[in-house]
Amino acid sequence: MSGTDEGSQEDSDDQQFVKTSVNMTLSERLKQQALDVNRMLNQLEKDFAEEDCQTYYILSKNWFEKWKQYVNYDNVVNNQSVPNTSGQMMPQNFNHDLIEQYVNECFKYYPLSTNPWNLWLRPNLEEGVHYIVISQQLSTYFNKYYRGTNIVRNAIGKGIEKKVVVNLLKFNAILMIPNTVNYIAQDNLIQFDKEYLQVDENTTLYDYYSTILKTVPTFRGNYNNQNGVRIWRYTNDTDPHKALFSEIKKQVEDLDFNDDLVFNFTGSPVQISSDITFKSLNLIDKDIIIIEFQQLNRPWCIRHPSVPVEGKCEGCSNITVLNFLCVCKKVSYCTEQCKINDERFHLSKCDRLGSDDEQVKSINLTTTSVKGVAGLSNLGNTCFMNSGTQCLSNTYSLTEYFLSNKYFEEINEDNPLGTKGQLVRKFGSLLKKLWCGDKNIVIPTSFKKAVGQFQPMFKGFQQHDSSELITFLLDGLHEDLNRVKKKPYVESKDYQGRPDVEVAKESWENHLARNQSIIVDLMHGQYKSTLKCPNCSQISITFDPFLTVGLGIPNNKQKSIQIKVIKSVVSIETKYINFDGSKKKISLQEFINEYVMNQFKIDPDSELMYYSYVMNDISDPINPSQEINTVRKNSKRGCLIVKVLNQEEKLIANDERVYLSYVQKAYDSYGHNFKKIIQPQTYIIIKKEYTLAQIHLMIFQSLLPIFCDLVKEDEVNTIEKLREYYEQNIHGKYYTLNNKQNIMQMQKKCIFCNAKNCSECEVSYYTEDTFDTIQQKQMINPNDLMQKIELLVFWNKSPFQNINTGDIYQYYSNQQYRKQIEEENNNNNNNVDDENNNGKGRIIGKNYSSSYLMNSQPKVTLQECLRFSEQPEQLAEDNAWYCKVCKDHVQAYKSMQIYKASDILIFTLKRFKASHGFFKQKLETFVEFPVKGLDLTEFILNQNKPHENFQIEEEQKKLIYDLYAVSNHFGGMGGGHYTAFAKNHFNGQWYNFDDSQVSELNEDQIVSKSAYVLFYKRRIELEQTQTLNTQELN
């Protein structure tokens, strides 16, 4: 009898037994089970060696012994009397004791539910001790009466050498896919966890490879399931997981976002052969088997000398064998011709410069070096980082220190407050590329990753504050370069009425005992901080080091409101508008006419509607006669929307208008995990008698600009053409129009589909229902916000090729920006010889030097900001000071003055202030500041540098500083943009650094209302003799 023969006579007997057993007593049924199992076990023992069967099952010996007691097996088969204990303790869950519960499995083999390699057993099981071998017939028999887990195993050999292999070969395994490499590159994966697979050791590599190929389609993702699997072996005598991760990390950490996710592999390929078994590989714990999947239209992740370099050709974009590698090692080509064709595109970003110490040391200034006139690519909301970095790059006394390689001698890798030299190395490498390189654009990928690694606030791609970035960088560089290897404990002494000079010197020496670096030498100054008790007038004076000087801006009682103007679905502009507080009583309509129409270039004949947008929700339309101050307060945590009506909306009479809102959503770009908003909620204007089909067409008409690649204007310039195009090409294909059901209404019947608990049902196009009839179905109360009809446009197909639906608007915006760049570049090239328009000060898409904006804004001077910041401020209640005379915590008055300043003085204008506890508001006050000759004599108490204690002569008392860099911030907190203005050390020319765009500036364009962080350099004594008008503003 075969172990898998289910059509035998015994099977028929089993089936007959099941039919008749219902009429038997429990004792009789158990006796019958004992006899049947005994018969099948004897048959298996008789046939096992000779039968042509390779598949068997195993059964827990422990469970089997309990079952034998349950049915009184021994008594039954030996024809002995059965005691009354029969059937009292039914054994449960057979094979449970054989299964290993917690295994970190790499993945499951195909077929997922039945492949025996997916079931993990306890190690080193022995036949007769832990399990017995049974046939499939016997396994099926047990399954009829008992619950448990079937364990399948294969037999090898023939005759007396035939045996069932139960213990599988367990080995270290890693699944290598592009996402794995991407997670490592983005620091989202910090180590390889130990994961395992198992296999019958007698399986050939060919059969194993075939199983893996069948497994590929079980993974979610676009993988090559024809020949898209490779198997590799990696060995390391210490820790193979750690060694492999380190090997990959070192290669991919500097990859740009558009680079191929590939790395060079030092392991070896596993030969796929029907003559080689897994057992012959002799795998040990120091080995890892790497299963590599290839994603369709993507190169293999692993590059190895044994296989051709295959990937995407940078020239022709085909996935093929790449024979020509660029010197930067980041791009490759299939032919020499492709390399030549791509040269003009790739040359600007080709980076031959390495990042290890010896390579960086060898980089020096040459005749072809750009000498600081190079832009930084925006990696995704990194303009704040680019702005701050360009300002520090043009701090030439600091840059010179890095270019000379002196910093290598002072790297302090043992400082627990530092980054073990990693941050300073990345910064030094970046400066070398900006000054010694020959590329006009530098991609700061590795620098960005280092910044995010050591300050998690900057990780990811959110917009941040350039001032905070500058402070973090300088603090981090200081700790990495701190010459003090072991910081002593320093105890500060009380003021006790001693002279300022004595206390300040003592405080500075204490500071130097723990902090000495190039940053301290160039930039650290000293504050004099005075605290005065409001009750007894007790005074406490301390002298504290500072890196940057924060300057408050005198409040001129200005009001501001964020305005978003929507001209079309792809033409949306947001700005902060400032206005004088005395005009807060004017109507919204008057405010729009005076402040908004010209600022946003709105056609005077346009008809506008207004509503607030706060926290992903919109208000009812706002009456234009409402006071602007009321509108401002209601929009404070969001913005005021000004929507320009289209021609169809304008034709609807005011008393017939119905305001219907809709929002646009799509799945996120990283998989169908959640639906994200890709365009915020807005209104269209309809009539109540409009049919649902007309509403479909109204929304499609508003979305037409995003279909610019598919449809031309003359194809839809009549309502008939619009309807025909929509029905044939758009409806149900690119997006669906759904009912955005309010969660409070889900228990009621949906007004569109009449179902309860409806969630986003589709709004029918082919129906005669009107908006009015839909409303009346549920007796909608127009004043009940919970009952308002809201629609949802859900995108399921992109109107642009190879662009995810969640990114269509960002893609459109990027394309328009590129076109604008090309137009600006063409205009600059055409006008290069025009003396009146020589390109200086030209900043793409922005007019930063508008004299109208400068003159129309209330102004304060930098000196007024300095005086304002010196005024005493009363401490908050939660920051009270302990007065030793009153013996109580008091809200003392605190004043800060600059006692000593170093060569480099950095001012941060405090433009951002807390509003409502969490949100920030930007002060747009215009601050005038000198470009040359800032006289700080009256604002700095001691004219010595912090490390000097000379007696100052009368004629030496002037302290003059000159501006050399500015970090600018444009716009509001949410949608702002940073740039930098900086003066080049070598040619004295001012440049505007707008991410990768660099252009020359005239000196009279430096001072603007967007100035945020100001960098000044102390004028040396030889320059002091120049004739100065220190308050003259350029």
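Conventions used here
- Positions within a chain are numbered from 1, following the residues in the order the chain's sequence is written.
- The predicted nature of this model means local features are confined to residues of pLDDT at least 70 and side-chain atom pairs, given and counted, to a pLDDT of 80 or more, with totals for whole chains, interfaces and linings taken over all residues.
- Excluding hydrogens and water, the side-chain values take into account all heavy atoms of the structure.
- Each helix corresponds to a stretch of at least 4 residues labelled H or I by DSSP, and each strand to a stretch of at least 2 residues labelled E; elements are numbered beginning at the N terminus.
- Think of it in three bands: residues with accessible area under 20% of the maximum for their type are buried, residues over 50% are exposed, and the middle band is partly exposed, with areas taken using a 1.4 Å probe on protein chains only.
- Whether two residues are in contact is decided by their heavy atoms, any of which lying within 4.5 Å being enough.
- The pairing criterion is simple: DSSP has to find at least two bridges between the two strands.
- Here the axes come from fitting lines to C-alpha atoms, over the contacting stretch only for helices, and the angles between their N-to-C directions go from 0 to 180 degrees.
- Just to be clear on terms, a salt bridge is a Lys or Arg side-chain nitrogen sitting within 4 Å of an Asp or Glu carboxyl oxygen.
- Cysteine sulfur atoms that come within 2.5 Å of each other are treated as a disulfide pair.
- Take the residue count of a helix, subtract one, and multiply by 1.5 Å to get its expected span.
- Whenever a nitrogen or oxygen atom comes within 3.5 Å of another N or O atom, the pair is scored as a polar contact, on the condition that within protein one atom can donate a hydrogen and the other can accept it, and that pairs from neighbouring residues in sequence are kept only if both atoms are in side chains.
- Nonpolar side chains (Val, Leu, Ile, Met, Phe, Trp, Tyr) within 5 Å and like charges within 9 Å form the patches, drawn only from residues with over 30% relative accessible area and no salt bridge.
- Here the open area of atoms and residues is found with the Shrake-Rupley method and a 1.4 Å probe, where only the protein chains shown may cover a residue.
- The charge count includes Lys and Arg as positive and Asp and Glu as negative, but it does not include His or the ends of the chains.
- For charged residues, the charge sits on one atom: NZ in Lys, CZ in Arg, CG in Asp, CD in Glu.
- Stacked, edge-to-face and tilted labels apply to pairs of Phe, Tyr and Trp rings (six-membered ring for Trp) whose centres lie within 6.5 Å, assigned for plane angles under 30 degrees, over 60, and everything in between, in that order.
- Whether a charge lies above a ring is judged from NZ of Lys or CZ of Arg, which has to be within 6 Å of the ring centre and within 35 degrees of the ring normal.
- In what follows, roughly perpendicular refers to angles from 65 to 115 degrees, roughly parallel to angles under 35, roughly antiparallel to angles over 145, and oblique to any angle outside these ranges.
- Helix crossings fall into two classes, left-handed where the near helix is turned counterclockwise from the far one by less than a right angle and right-handed where it is turned clockwise.
- The nonpolar class holds Ala, Val, Leu, Ile, Met, Phe, Trp, Tyr, Cys and Pro. Asp, Glu, Lys and Arg form the charged class, and all remaining residues, Gly among them, are polar.
- Definition of nonpolar core: a set of buried residues of the types Ala, Val, Leu, Ile, Met, Phe, Trp, Tyr and Cys, connected through side-chain atoms within 4.5 Å.
- Each residue carries a pLDDT score, the predictor's confidence in it, ranging from 0 to 100.

### Regarding the overall build of the chain
Part 1: Helix and strand counts for the chain come out as 27 helices and 44 strands.
Part 2: The buried share of the chain, reckoned over its 1034 residues, is 48%.
Part 3: A separation threshold of at least 6 residues defines the contact pool for the chain, and within that pool the share at least 24 residues apart is 71%.

### Thoughts on the sheet that holds strand 26 (residues 658–667)
Part 1: Taken in spatial order, the four strands make up an open sheet running 27-26-29-28, and their pairing is mixed. What marks the edges here is a single partner per strand, and that holds for strand 27 (675–686) and strand 28 (735–739). Pairwise comparison of adjacent strand axes, ignoring direction, gives a mean angle of 25° for this sheet.

### What to know about the side chain of Thr682
Part 1: Locating Thr682 in the fold gives a position in strand 27.
Part 2: Its relative accessible area of 10% is what places Thr682 among the buried residues.

### A look at the pairing of strand 43 (residues 997–1001)
Part 1: Pairing analysis gives five bridges linking strand 42 (residues 990–994) to strand 43, with the strands arranged antiparallel. Within strand 43, the residue paired with Tyr991 across the bridge is Glu1000.
Part 2: Hairpin connection, strand 42 to strand 43: the antiparallel pair is bridged by two residues, and Asp995 has positive phi, about 55°.

### Overview of the pattern of salt bridges
Part 1: In total, this model carries 26 salt bridges according to the counting rule given.
Part 2: Note that Glu573 and Lys575 form a salt bridge whose closest N and O atoms lie 3.6 Å from each other.
Part 3: For Glu573, a relative accessible area of 34% corresponds to the partly exposed category.
Part 4: Salt bridges sharing partners connect three or more residues here, namely Lys61, Glu65 and Lys68.

### Observations regarding the state of the cysteines
Part 1: With the rule as written, the count across this model stands at zero disulfides.
Part 2: The cysteine Cys886 is free of any disulfide, with Cys536 supplying the nearest cysteine sulfur at 3.5 Å.

### Things to note about helix 16 (residues 466–480)
Part 1: The first and last C-alpha atoms of helix 16 sit 21 Å apart over 15 residues, in line with the 21 Å expected at 1.5 Å per residue.
Part 2: Buried residues dominate helix 16, accounting for 12 of its 15 residues.
Part 3: Along helix 16, the residues that are buried comprise Ser466, Ser467, Leu469, Ile470, Phe472, Leu473, Leu474, Gly476, Leu477, His478, Glu479 and Asp480.
Part 4: The backbone nitrogen of Ser467 lies 2.7 Å from a side-chain oxygen of the residue at the head of helix 16, namely Asp465.

### Topic: a positive patch on the surface
Part 1: A grouping of Lys584, Lys585, Lys633 and Lys636 is seen on the molecular surface, where their side chains present a positively charged patch.
Part 2: One can find Lys585 in the loop between strand 22 (571–580) and helix 19 (588–596).

### With respect to helix 15 (residues 445–454)
Part 1: With respect to burial, helix 15 is a largely interior element, eight of its 10 residues being buried.
Part 2: In this structure, the buried side of helix 15 is in contact with helix 6 (178–185), helix 8 (240–252), helix 11 (383–393), helix 14 (422–435) and helix 16.

### A word on the sheet that holds strand 1 (residues 55–60)
Part 1: Spatial ordering of the open sheet is given by 2-1-3-4, a layout of four strands whose pairing is antiparallel. Edge strands, defined here as strands with exactly one partner in the open sheet, are strand 2 (131–134) and strand 4 (163–164).
Part 2: Bridging between strand 1 and strand 2 involves four bridges; their strand directions are antiparallel. When the bridges of strand 2 are listed, Tyr57 appears paired with Ile134.

### Structural notes on the packing of aromatic side chains
To describe a pair of aromatic rings, you give the distance between the ring centres and the angle between the ring planes.
Part 1: Counted by the stated rule, this structure contains 58 aromatic pairs.
Part 2: For the pair Phe192 and Phe245, a centre-to-centre distance of 5.4 Å together with 90° between the ring planes defines the contact as edge-to-face. Taken together, the residues Phe192 in the loop between helix 6 and strand 6 (196–199) and Phe245 in helix 8 connect sequence positions 53 residues apart.
Part 3: You can call Phe245 buried: its relative accessible area is 10%.
Part 4: Between Phe384 and Phe458, the ring centres sit 5.7 Å apart and the planes meet at 25°, which makes this aromatic pair stacked. On the criterion of sequence distance, the pair formed by Phe384 in helix 11 and Phe458 in the loop between helix 15 and helix 16 is long-range, its members being 74 residues apart.
Part 5: Each member of the aromatic cluster is reached from another via a ring pair, and the members are Trp63, Phe64, Trp67, Tyr70, Tyr73, Phe94, Tyr141, Phe142, Tyr145 and Tyr146.
Part 6: Positioned above the aromatic ring of Phe600 is the side chain of Lys575, whose terminal nitrogen or guanidinium carbon lies 5.3 Å from the ring centre.

### Description of the packing of helix 2 (residues 26–47) against helix 5 (residues 136–145)
Part 1: One way to put it is that helix 2 packs onto helix 5 with a least axis distance of 10 Å and a crossing angle of 165°. Between helix 2 and helix 5, the interaxial angle falls into the category roughly antiparallel. As helix 2 runs across helix 5, the sense of the crossing is left-handed. Across the interface between the two elements, Gln32, Gln33, Asp36, Val37, Met40 and Leu41 of helix 2 pack against Gln137, Leu138, Tyr141, Phe142 and Tyr145 of helix 5.
Part 2: In terms of residue class, the contact of helix 2 with helix 5 is made up of seven nonpolar, three polar and one charged.

### As for the nonpolar core
It is characteristic of soluble globular proteins that their nonpolar side chains tend to be buried jointly.
Part 1: Counting residues in hydrophobic clusters, the biggest one holds 57 residues, and the most contacted among them are Leu703, Phe707, Tyr735, Phe752, Leu791 and Trp795.
Part 2: At eight residues, the largest contribution of residues to this core is made by helix 22 (residues 692–703).
Part 3: In contact with Trp795, other than residues within four places in its own chain, are Gln664, Lys665, Ala666, Ile678, Leu703, Ile706, Phe707, Tyr734, Tyr735, Thr805, Ile808 and Tyr809.
Part 4: Val370, Met385, Phe427 and Ile518 belong to the second-largest nonpolar core, a separate cluster that totals 56 residues.

### So, the packing of helix 6 against helix 8
Part 1: Look at helix 6 against helix 8: their axes get within 9 Å of each other, and the N-to-C directions meet at 75°. Considering the angle they form, helix 6 stands roughly perpendicular to helix 8. Each of Val181, Ile184 and Ala185 in helix 6 lies in contact with helix 8, whose residues at this interface are Phe245, Ile248, Lys249 and Val252.
Part 2: Classifying every residue of the contact of helix 6 with helix 8 by side-chain character gives six nonpolar, no polar and one charged.

### Digging into unusual backbone geometry
Part 1: With an omega of -10°, the peptide bond running from Tyr110 to Pro111 counts as cis.
Part 2: You will see that Asn124, though not glycine, has its phi angle at about 60°, which is positive.
Part 3: Positionally, Asn124 belongs in the loop between helix 4 (73–77) and strand 2.
Part 4: At Asn381, a residue that is not glycine, the phi angle is positive and equals roughly 60°.
Part 5: Locating Asn381 in the fold gives a position in the loop between strand 16 (375–376) and helix 11.
Part 6: Among the residues examined, Asn381 registers a relative accessible area of 40% and is labelled partly exposed.

### Looking at the confidence of the model for the chain
Part 1: Averaged over all residues, the pLDDT of the chain is 84; the fraction at 70 or higher stands at 86%.
Part 2: Mean pLDDT values for the elements of the chain range from 36 in helix 26 (residues 851–856) up to 96 in strand 7 (residues 229–235).
Part 3: Counting interchain partners and residues more than four positions distant, the pLDDT-below-50 stretch residues 780–786 has eight contacts.
Part 4: Low pLDDT (under 50) marks residues 832–856, which in the prediction has 38 contacts with non-local residues, meaning those over four places away or in another chain.

### Here we look at the pairing of strand 35 (residues 904–909)
In regular strands, side chains alternate between the two faces of the sheet.
Part 1: In terms of burial, strand 35 is a largely internal element, six of the six residues being buried.
Part 2: Here strand 20 (residues 549–551) runs beside strand 35; their pairing, made up of three bridges, is parallel. From the neighbouring strand, Gly550 faces strand 35, where its bridge partner is Thr908.
Part 3: Summarising the sheet, strand 35 and strand 44 (residues 1011–1018) pair through five bridges and their orientation is antiparallel. In the sheet register, Ile904 faces strand 44, and the bridge partner there is Lys1017.

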